[in-house]
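# Coordinates in review
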Amino acid sequence: MPEPAYVDHPMLEPDVIEARQYQLQLAAAARQDHTLVCLPTGLGKTTVSLLVTAYRLADDIGAKSLLLAPTKPLVEQHAAFYREALTIPDDEIVVFTGETRPDDREEEWTSARVVVATPQVVENDLVGGRISLRDVVHCTFDECHRATGDYAYTYIAERYHADAADPLVTGMSASPGGNEEDIRTVCENLGVANVEVMTEDDADVGEHTYDTDVQWERIELPDEVLEVRDAVNEVIEDRLEKLRELGVTRASSPDVSQKDLNKIRARLQELIDNDDSEGYQGMSVHAEVMKLRRAVELVETQSVESVRRYFERQRNAARSSGASKASQRLVSEPKVKEAMRKADEFDGLHPKFRRARILLAETLGIEEGERVIVFTESRDTAEALTEFLGQHFDTRRFVGQGDADGSDGMTQTEQRETLDEFRSGEFEVLVSTSVAEEGLDVPEVDLVLFFEPVPTAIRSVQRKGRTGRQTEGRVVVLMAEDTRDEAYFWISRRREQEMEDELRSLKGVADELAGDLGDDQRALDDYENSETDQADASENAAENADASATADGGESTETSDDQQAGLADFEAPAPEDVEGGDEPEEGVTARASSEDGETVEVVVDQRELDSNIARDLSKRETVETRLETLSVGDYVLSDRVAVERKSHADFMDTLLGGDRSLFEQAKDLTRHYTRPVLLLEGDGDLYAERNVHPNAIRAALSSLAVDWGVSVVHTRGEDDTTEMIRTIAEREQVDNDREVSAHGEKAAKTLGEHQEYVVSAIADIGPVTARSLLDEFGSVEAVMTAGEDDLLDAAGVGQVTAERIREVVASDYRPD
């Protein structure tokens, strides 16, 4: 066998990147234009991106490359590969994840040549104004099929095309979508104009792939397991009958599809919107059905142990304060109690466990294999399988970080160490949840065992990509008879076939599709230019109107019927004419300004990232956004204006008494800011939002305005709210020359508030953690002198926060 050739390039370490013709061909195409690269799993999509990065960085010494990947383990893997392959110093190839402090990311971004990051972190840094994409000459979106809807890839791509001086996008996926429309959506969201597809049918690719044998094995469930399922199904039938009585469904079978359940929920929401109390009752019943279906799915497709743990969590949830009626009814239902009892009494072995053990024994023993991966949907099952298989084989689990149910997860370090040990052969069986599906460089294995079918084609393709890279591979899928497993089996088969057909079709029409995408991009550019032209025309018209109004040297006192008043016509009163008009001098944290004096700053509370408003504001050339953990308000627009944003539903929740009442929030706003604003967002009828008398709502609104001095402004939706925030910020900072303060100082604070303020400012830890620390230690002085280990005793304080507090308090002062 001839010695492999390697790519020779000044940015690449010698004898590292094998010169595979198909990779070189894809990289050459990706260097020319924004490109989607479709290549089967395990054949080096990342190498293609690396080659493009090497060429781009070689041309520009001050340039950066940004590689985005959806999971922390994948980010770590890519960074290790880049450090091995590129001649760039290791400390200039940095990793950004949620474990990296924002201040550290801002500092490291400046000196880095290559940044490998999770998209959510980059999104937050862009919205917060901590980084700039101007010098990024290559941006790679790994597993780019995620670039749909509100996923961070979409926002980052839009910002990249707008902000970068010389942008180039490479999207990578083994499975970009289930049909041509999905693939086109991904391309448009990433701004991609070229599509390159290679499959195993291509000769160059075929040299590096082997056939993967997929076997489907039917598993018969024992009567004891079916009895648990049937008891739960009886309750589902009863709840569906209640929904039938409400007229929102005709379904009666416990096998009702998720699609039908979604329709039921939509009909119930219509009842709620029409102020029909039966809608709320039905929604609670619907929640029960969803919980019960999950229990059935677990007992059918996973294990009795997994449903036993699920029931235990439901019991604990029902006992907790604020438990929903659905949870309480669920655990008190006699048939559910019977199912719980049967699950607790079952001491047999689920047949899938037994079959998994036999398959591993055949692979690792008889066939003298070396490695096996077992995939499962449930973390509970992963833990149970690890324990069971560990009695016979050297087995480790591989799961994500902790979940909402309190299940123990793995840290990023633990994940990395586990994969390293698996690669080096320190153990033979890896039991993994979905975290290892996408792109992780898991070594060649002899068997991939699916504990259950996967209904999504993308995920099934990802999993099977773990085998068949260097030798013939084998995939076995366990399928419980007469259960949801069979339905998922047929769905998976159909969707995978559709994807294979679409990829072949896409390969055939790639040039045509790329041309269409290119045309779409040009059309978008033309549209933007036309908007600019319209804006220029409007500005010229306004200037002409002003000129004609004062042509005789006098002032215009009348406005014609067809002439709208401009922003300048609404002049603010002089400060001395308004109570509280003096500018506070304390607490100013930033001044929004630019060379032209028209750039404004908006301070955004971290929790507002759930909406699109902060992202939309950050796209504006004249708006700079900064993220803070605000104790008061959602947006700060000057030293006297803070904005609390509420949807109609949020408003009613706080009016009727939620975590914090409406008037408690109003009190906080008016204590810190002289011009507090409540943005009431919604296009519907506020008075029809809940079964509350309109006079009660009017009384609340009038109290806010008259008693508390809070301006109530109505907006139609997020887009309108975005424009309103921008308009207020411009009026405050540009017209009135106000400064921005994230800690407004209208009124004197109480002693406790002063103490909370001081502690919250130690390391940007926020008001909640500040109160926790003061509760734990009793005084500001005690917090300041507490050791790192002692700080960890306070609720909400982790290792990173404790280290940061000690660093700020104990370090020598170093002025910038």
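Before any of the text, the structure's been laid out above.
Summarised in this report is the structure supplied together with it.

### Here's the deal with the overall build of the chain
- The helix and strand inventory of the chain stands at 29 helices and 19 strands.
- Taking all 816 residues of the chain together, the buried fraction comes to 48%.
- A fraction of 72% describes how many contacts in the chain between residues 6 or more apart in sequence connect residues 24 or more apart.
- Split by element, the accessible area of the chain, about 39200 Å² in all, is 43% carbon and sulfur.

### Observations concerning the side chain of Gln665
- Along the chain, the position of Gln665 falls in helix H22 (residues 662-672).
- Among the polar contacts made by the side chain of Gln665, one reaches the side chain of Lys646 at a distance of 2.8 Å.

### Structural notes on the environment of Val195
- Tracing the sequence through the fold places Val195 in strand S7 (residues 194-197).
- A relative accessible area of 2% means that Val195 is categorised as buried.
- Sequence separation between Val195 and Thr35 is 160 residues; the distance between their C-alpha atoms is 5.5 Å.

### Brief notes about the sheet that holds strand S6 (residues 169-173)
- Taken together, the 7 strands give an open sheet; going across it, the order is S3-S4-S2-S5-S6-S1-S7, and neighbouring strands pair in parallel fashion. Taken across any chain shown, the strands that pair with only one partner, and hence form the sheet edges, are strand S3 (93-96) and S7. Averaged over all neighbouring strand pairs, the angle between strand axes comes to 15 degrees, with direction disregarded.
- Examined bridge by bridge, strand S1 (residues 35-38) and S7 share 4 bridges and lie parallel to one another. Paired with Val37 across the strands is Glu196, a residue of S7.

### Some details on unusual backbone geometry
- A positive phi angle, close to 60 degrees, is found at Asp15, a residue other than glycine.
- Note on placement: Asp15 falls in the segment before helix H1 (21-32).
- According to the relative accessible area criterion, Asp15 is exposed, its value standing at 58%.
- A positive phi is found at Glu368, a non-glycine position, where the angle reads about 55 degrees.
- Mapped onto the fold, Glu368 is located in the loop between helix H15 (351-366) and strand S9 (372-375).
- Judged by its relative accessible area of 65%, Glu368 is exposed.

### So, the packing of helix H12 (residues 304-319) against helix H13 (residues 325-332)
- H13 packs onto H12 with a crossing angle of 125 degrees between their chain directions and a minimal axis gap of 8 Å. Taken as axis vectors, H12 and H13 run oblique relative to one another. As for the relative orientation of H12 and H13, their crossing is left-handed in sense. Contacts from Gln314, Arg315 and Ala318 in H12 reach Ser327, Gln328, Leu330 and Val331 in H13.
- Residues belonging to the contact of H12 with H13 are distributed by class as follows: 3 nonpolar, 3 polar and 1 charged.

### A closer look at the sheet that holds strand S18 (residues 677-681)
- In space, the 6 strands of this open sheet follow the order S15-S14-S16-S17-S18-S19, with mixed pairing throughout. Each having just a single partner strand, strand S15 (623-628) and strand S19 (711-715) make up the two edges of the open sheet.
- With 5 bridges connecting them, S18 and S19 associate as parallel partners. Its bridge partner lying in S19, Glu681 is registered against Thr715.

### Points about the pairing of S18
- Most of S18 is tucked away: 5 of the 5 residues are buried.
- Of the two faces of S18, the one carrying Val677, Leu679 and Glu681 and the one carrying Leu678 and Leu680 are both buried.
- Crossover connection from S18 via helix H23 (residues 694-707) to parallel S19: handedness right-handed.

### What about the pattern of salt bridges?
- One pass over the structure, following the stated rule, counts 50 salt bridges.
- Arg626 serves as the salt-bridge partner of Glu628, at 2.3 Å between the closest nitrogen and oxygen.
- Note on Glu628: relative accessible area 23%, which makes it partly exposed.
- Here the salt bridges do not stand alone but share partners, grouping Arg101, Asp103, Asp104, Arg804 and Glu807 into one network.

Conventions and cut-offs
- Residues numbered from 1 in each chain as written.
- Predicted model: local features only at pLDDT ≥ 70, side-chain atom pairs only at ≥ 80, totals over all residues.
- Heavy atoms only, no water.
- Helix = DSSP H or I, 4+ residues; strand = E, 2+ residues; numbered from the N terminus.
- Buried < 20%, exposed > 50% of the residue type's maximum accessible area, 1.4 Å probe, protein only.
- Contact = heavy atoms within 4.5 Å.
- Areas by Shrake-Rupley, 256 points an atom, 1.4 Å probe, with all protein chains shown as cover.
- Polar contact = N/O pair within 3.5 Å; in protein donor to acceptor, adjacent residues only side chain to side chain.
- Pairing = 2+ DSSP bridges.
- Axes fitted to C-alpha atoms, helices over the stretch in contact; angles between N-to-C directions.
- Parallel < 35°, antiparallel > 145°, perpendicular 65-115°, else oblique.
- Left-handed = near helix turned anticlockwise from the far one by under 90°.
- Nonpolar A, V, L, I, M, F, W, Y, C, P; charged D, E, K, R; others polar.
- Right-handed = clockwise from strand over helix to strand, strands pointing away.
- Salt bridge = Lys/Arg side-chain N within 4 Å of Asp/Glu carboxyl O.

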